Amino acid sequence: MLPEILISNFWLLLQGAERTLELSLATAFFSSATGLAAALLRTFGRWPFRIAVDVYVYVVRGVPLLLLLFFMYYGLPYSGIDVAPIPGGILVMSIYFGAFMSEVFRAAVEALPRAQWDAARSLGMRLPLILGIVVLPQAVRLSAPAFINTCILLIKSTSLVSIIGLSELTMVGRQIVERTFAPFQILLGVALIYFVICYSLSRLGRYAEQRMRHAH
Amino acid sequence: MRTDDATVAPMVEFRGVSKWFGTTQVLRDISLSVAPSEVVVVIGPSGSGKTTLLRCVSLLEEYEAGEITVAGEMIGYRIAANGERVRRSEREIAAARAKIGFVFQSFNLFPHMTVLRNVAVGPIRVNKMPREKAEAVARDLIGRVGLADKVDAHPVSLSGGQQQRVAIARALAMQPKLMLFDEVTSALDPELVDEVLGVMQQLARDGMTMIVVTHEMQFAHDVADRVIFMDHGAIVEEGDPATLLANPRSERLRAFMRRHIQGWARNLPQNPMTIERNP
């Protein structure tokens with residue numbers, strides 16, 4: 001009895017998973033861009049930028065993602081701003097994970113030995129060039145494990161946007177459960193799909209790390 | 001190697017240079033002039049300020065008082081019309097650094113670049129030299145330091161001595177007017193020291209102006225035109241190597257020499273140990 005309900009609904013679940021992947025990819029992209037910009041401003045910017053980034057990181061990290069989603073979904077319409085669920089969800093999650101990504105990149109940039117800076121400076125390089133060809137290429141490698149870790153958290157957190165009515169994997173699963181009264185089978189299937197996505201990403205990350213290590 | 005013409009303008013000049021780390025003074029009123037093609041070796045106990053002195057020339061460290069000029073141009077600062085010291089723009093500072101070669105104790109090669117890229121990247125990205133020309137220059141330099149077969153290797157696959165030779169080639173690729181060497185053999189296994197010193201000796205023969213911070217007394221004796229002994233941030237003694245190393249005048253240099261006596265001293269005409277016993 002277990003496989004049949006799962007098998008007959010598997011296609012639906014995969015469609016939910018597709019939406020989950022879309023949300024994850026978009027959020028990973030925008031939160032990385034936000035995080036990188038924030039990390040660079042925090043490390044090399046003038047003091048107003050550094051303070052602004054600190055405020056952003058501490059405030060956003062200190063508030064549950066669910067609350068931020070509620071704020072966007074229920075709060076903003078009150079002030080006359082209507083955001084569609086998909087771009088809204090991506091926006092809120094990008095802001096949220098951007099704060100975590102900024103710490104991932106900041107740690108990597110700061111972990112690079114000062115000696116690399118000395119060497120680049122002694123060749124007459126200036127900040128943008130040093131960042132572009134010496135610091136960031138190495139920081140990407142250093143940040144890989146923490147970056148993958150954050151991406152995995154991010155993928156799983158997309159299940160929260162089901163609350164604001166986006167039919168991603170978790171939402172689709174719940175809808176099927178309501179229709180079939182087979183919570184155990186369906187939710188197990190949902191969990192399995194999340195696991196496969198996250199595990200693949202972990203392996204991919206490990207593989208990329210090893211490739212990068214061999215290249216050096 | 002030194003041009004003995006007294007009228008020739010110095011390549012490097014320190015005038016009353018002082019530096020503090022917090023409240024600790026690490027350079028005390030340093031004045032020193034280095035002529036073009038001269039090789040000056042700086043010796044002294046650790047913490048004596050030799051590395052800091054070198055780093056100030058490339059403005060890898062700021063200095064608070066005095067001035068350092070390289071080829072007549074003040075490093076890091078200029079004197080404004082009202083007599084105040086004004087920090088130069090980052091562009092000017094970078095341009096000055098590009099003409100000063102710096103070789104570090106721990107090599108500091110870029111680990112994500114091949115040997116060829118390490119050497120060519122400065123000329124390409126800073127001097128805007130066309131890639132093909134820069135790579136030709138880089139290949140030539142890598143060949144001259146004896147690593148022609150390693151152009152495509154990454155630094156991690158090289159020995160310390162090989163990495164340091166690449167670092168020298170990288171600095172030379174910028175066609176510097178002056179080369180600074182900061183304890184470049186201190187991180188090397190003893191059997192790898194000579195290959196690096198050999199490259200430096202050749203460079204000195206070719207007429208490069210060099211300031212070399214080192215503990216290699218034999219190198220100081222054989223290659224230096226002048227030896228500077230520093231202690232507690234000040235120049236305690238200076239002179240030509242044969243005289244200074246064989247006949248230290250100050251007690252501090254004698255104490256320093258006692259600790260660095262092995263090996264090289266046997267080759268000196270007079271053994272400082274005997275001087276020590278019969279002052």
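One can find the structure itself at the top, above this paragraph.
Residues numbered from 1 in each chain as written. Chains lettered and ligands numbered in written order. Predicted model: local features only at pLDDT ≥ 70, side-chain atom pairs only at ≥ 80, totals over all residues. Heavy atoms only, no water.

Regarding the overall build of chain B
Moving on, step 1. Along chain B, the regular secondary structure elements total ten helices and twelve strands.
Moving on, step 2. In terms of overall dimensions, chain B is globule-like: its C-alpha atoms have a radius of gyration of 19 Å, near the 19 Å expected for 279 residues.
Moving on, step 3. With the C-alpha coordinates aligned to their principal axes, the bounding extent of chain B is approximately 60 × 55 × 40 Å.
Moving on, step 4. Residue pairs in contact within chain B that sit at least 24 positions apart in sequence constitute 63% of those at least 6 positions apart.
Moving on, step 5. When the accessible surface of chain B is split by element, carbon and sulfur atoms take 48% of a total near 12000 Å².
Moving on, step 6. Between the centroid of the 33 positive side chains of chain B and the centroid of its 34 negative side chains there is a distance of 4 Å. (Helix = DSSP H or I, 4+ residues; strand = E, 2+ residues; numbered from the N terminus. Rg over C-alpha atoms; globule rule 2.2 N^0.38 Å. Contact = heavy atoms within 4.5 Å. Areas by Shrake-Rupley, 256 points an atom, 1.4 Å probe, with all protein chains shown as cover. Lys, Arg positive; Asp, Glu negative; His and termini not counted. Charge placed at Lys NZ, Arg CZ, Asp CG, Glu CD.)

Section: the sheet that holds strand β2 (residues 24–34) of chain B
Residues and elements named next belong to chain B.
Moving on, step 1. Judged by pairing direction, the sheet is antiparallel, and its four strands sit side by side in the order β2-β1-β4-β5 without closing on themselves. Bordering the open sheet on either side are β2 and β5 (73–74), each of which pairs with just one other strand.
Moving on, step 2. With seven bridges connecting them, strand β1 (residues 12–21) and β2 associate as antiparallel partners. For lysine 19, the partnering residue across the bridge sits in β2 and is leucine 27. (Pairing = 2+ DSSP bridges.)

A look at the interface of chain B and chain A
Moving on, step 1. If you look at the interface, chain B gives 23 residues, while chain A gives 19 residues.
Moving on, step 2. The interface formed by chain B and chain A includes one salt bridge.
Moving on, step 3. Applying the counting rule to chain B against chain A returns four residue pairs in polar contact (both at pLDDT 80 or more).
Moving on, step 4. Going through the elements one at a time, α2 (90–98), β8 (100–103) and α3 (115–125) of chain B are the ones with two or more residues in the side of chain B that touches chain A.
Moving on, step 5. Tallying contributions element by element places α2 of chain B first for the side of chain B that touches chain A, with five residues.
Moving on, step 6. Its residues assigned to classes, the side of chain B that touches chain A shows 14 nonpolar, three polar and six charged. (Salt bridge = Lys/Arg side-chain N within 4 Å of Asp/Glu carboxyl O. Polar contact = N/O pair within 3.5 Å; in protein donor to acceptor, adjacent residues only side chain to side chain. Nonpolar A, V, L, I, M, F, W, Y, C, P; charged D, E, K, R; others polar.)

A short note on the packing of helix α2 (residues 47–61) of chain A against helix α4 (residues 85–111) of chain A
A pair of packed helices can be characterised by two numbers: the angle between their axes and the separation between those axes.
Residue and element names in this part refer to chain A.
Moving on, step 1. Contact geometry of α2 with α4 gives a least axis separation of 9 Å together with a crossing angle of 120°. Like other packed secondary-structure pairs, α2 and α4 cross with a definite hand, here left-handed. Contacts between α2 and α4 involve Tyr56, Val57, Val60 and Arg61 from the first element and Ser94, Ile95, Tyr96, Gly98, Ala99, Phe100, Ser102 and Glu103 from the second. (Axes fitted to C-alpha atoms, helices over the stretch in contact; angles between N-to-C directions. Left-handed = near helix turned anticlockwise from the far one by under 90°.)

Let's talk about the environment of methionine 208 of chain B
Residue and element names in this part refer to chain B.
Moving on, step 1. As for its position among the elements, methionine 208 is in the loop between α6 (190–205) and β10 (209–213).
Moving on, step 2. Considering only alpha carbons, one finds methionine 208 and serine 37, 171 residues apart in sequence, at a separation of 4.9 Å.
Moving on, step 3. Dropping the residues within four chain positions of it, methionine 208 is found in contact with Ser37, Glu38, Val39, Leu172, Pro176, Lys177, Leu178, Met179 and Leu203.

Focus on helix α5 (residues 160–172) of chain B
Moving on, step 1. Its 13 residues give α5 of chain B an end-to-end C-alpha distance of 18 Å, which sits within 8% of 18 Å, the value for a rise of 1.5 Å per residue.
Moving on, step 2. Buried residues dominate α5 of chain B, accounting for 13 of its 13 residues. (Expected span 1.5 Å × (residues − 1). Buried < 20%, exposed > 50% of the residue type's maximum accessible area, 1.4 Å probe, protein only.)

Section: the pairing of strand β11 (residues 226–231) of chain B
Residue and element names in this part refer to chain B.
Moving on, step 1. For β11, a buried count of six out of six residues is recorded, marking the element as mostly surrounded by other parts of the structure.
Moving on, step 2. Bridging between β11 and strand β12 (residues 234–239) involves five bridges; their strand directions are antiparallel. Its bridge partner lying in β12, valine 227 is registered against glycine 239.
Moving on, step 3. The antiparallel hairpin formed by β11 and β12 contains two residues in its connecting segment, where histidine 232 sits at a positive phi of about 45°.

Remarks on the side chain of threonine 27 of chain A
Residues and elements named next belong to chain A.
Moving on, step 1. The residue threonine 27 is located in helix α1 (residues 2–44) in this model.
Moving on, step 2. Take threonine 27: its relative accessible area is 0%, and that puts it in the buried class.
Moving on, step 3. Setting aside residues no more than four positions away along its own chain, threonine 27 makes contact with Ser32, Ile90, Met93, Ser94, Phe97 and Leu154.

Some remarks on the nonpolar core
Moving on, step 1. In this structure, Ile43, Ile168, Met179, Phe181, Met200 and Met210 of chain B are the most contacted members of the largest nonpolar core, which totals 55 residues.
Moving on, step 2. Sequence-distant contacts of methionine 179 of chain B, that is, excluding residues within four places in its chain, are made with Gly101, Val103, Ile168, Ala171, Leu172, Leu203, Met208, Thr209, Met210 and Ile211 of chain B.
Moving on, step 3. The next biggest cluster of nonpolar side chains, apart from the first, holds 53 residues, and it includes Trp117 and Leu129 of chain A together with Val57 and Tyr63 of chain B. (Core = buried A, V, L, I, M, F, W, Y, C linked by side-chain atoms within 4.5 Å.)

Considerations on the sheet that holds β8 of chain B
Residue and element names in this part refer to chain B.
Moving on, step 1. Taken in spatial order, the six strands of this open sheet run β8-β9-β10-β3-β11-β12, and their pairing is mixed. For this open sheet the edge positions go to β8 and β12, each flanked by a neighbour on one side alone. Taken pair by pair, the neighbouring strands of this sheet meet at an average axis angle of 20°, ignoring direction.
Moving on, step 2. Here helix α1 (residues 50–57) sits on the sheet in contact with β3 (39–43), β8, β9 (178–182), β10 and β11, set at roughly 150° to β9.
Moving on, step 3. Of the strands in this sheet, β8 and β9 touch α5, which is tilted by about 170° from β8.

Brief notes about the side chain of threonine 209 of chain B
Residues and elements named next belong to chain B.
Moving on, step 1. The topology assignment puts threonine 209 in strand β10.
Moving on, step 2. The buried category is assigned to threonine 209, whose relative accessible area is 3%.
Moving on, step 3. Among the polar contacts made by the side chain of threonine 209, one reaches the main-chain amide nitrogen of serine 37 at a distance of 2.8 Å.
Moving on, step 4. The contact partners of threonine 209, leaving out residues within four places of it in the chain, are Met11, Val34, Ala35, Pro36, Ser37, Glu38, Lys177, Leu178 and Met179.

Observations regarding the environment of valine 57 of chain B
All names here are of chain B.
Moving on, step 1. Positionally, valine 57 belongs in helix α1.
Moving on, step 2. The spatial distance from the C-alpha of valine 57 to the C-alpha of aspartate 140 is 28 Å, given a sequence separation of 83 residues.
Moving on, step 3. Beyond its immediate sequence surroundings of up to four residues, valine 57 is in contact with Phe14, Ile68, Val70, Ile75, Ile100, Leu178 and Leu180.

A closer look at helix α5 (residues 114–122) of chain A
Moving on, step 1. All of the buried residues in α5 of chain A are Gln116, Trp117, Asp118, Ala119, Ala120 and Ser122 of chain A.
Moving on, step 2. Positioned one or two residues after α5 of chain A, glycine 124 of chain A has a phi angle of 85°, which is positive.

Thoughts on the packing of aromatic side chains
Moving on, step 1. Scanning all chains against the criterion turns up twelve aromatic pairs over all chains.
Moving on, step 2. With 5.0 Å between their ring centres and 90° between their planes, tyrosine 96 of chain A and phenylalanine 97 of chain A make a pair best called edge-to-face. As far as burial versus exposure is concerned, tyrosine 96 of chain A and phenylalanine 97 of chain A are alike and both buried.
Moving on, step 3. Members of the aromatic cluster, connected to one another through ring pairs, are Phe70, Tyr73 and Tyr74 of chain A.
Moving on, step 4. The cationic tip of arginine 85 of chain B hangs over the ring face of tyrosine 77 of chain B; the distance from NZ or CZ to the ring centre is 3.7 Å. (Phe/Tyr/Trp six-rings, centres within 6.5 Å; stacked < 30°, edge-to-face > 60°. Lys NZ or Arg CZ within 6 Å of the ring centre and 35° of its normal.)

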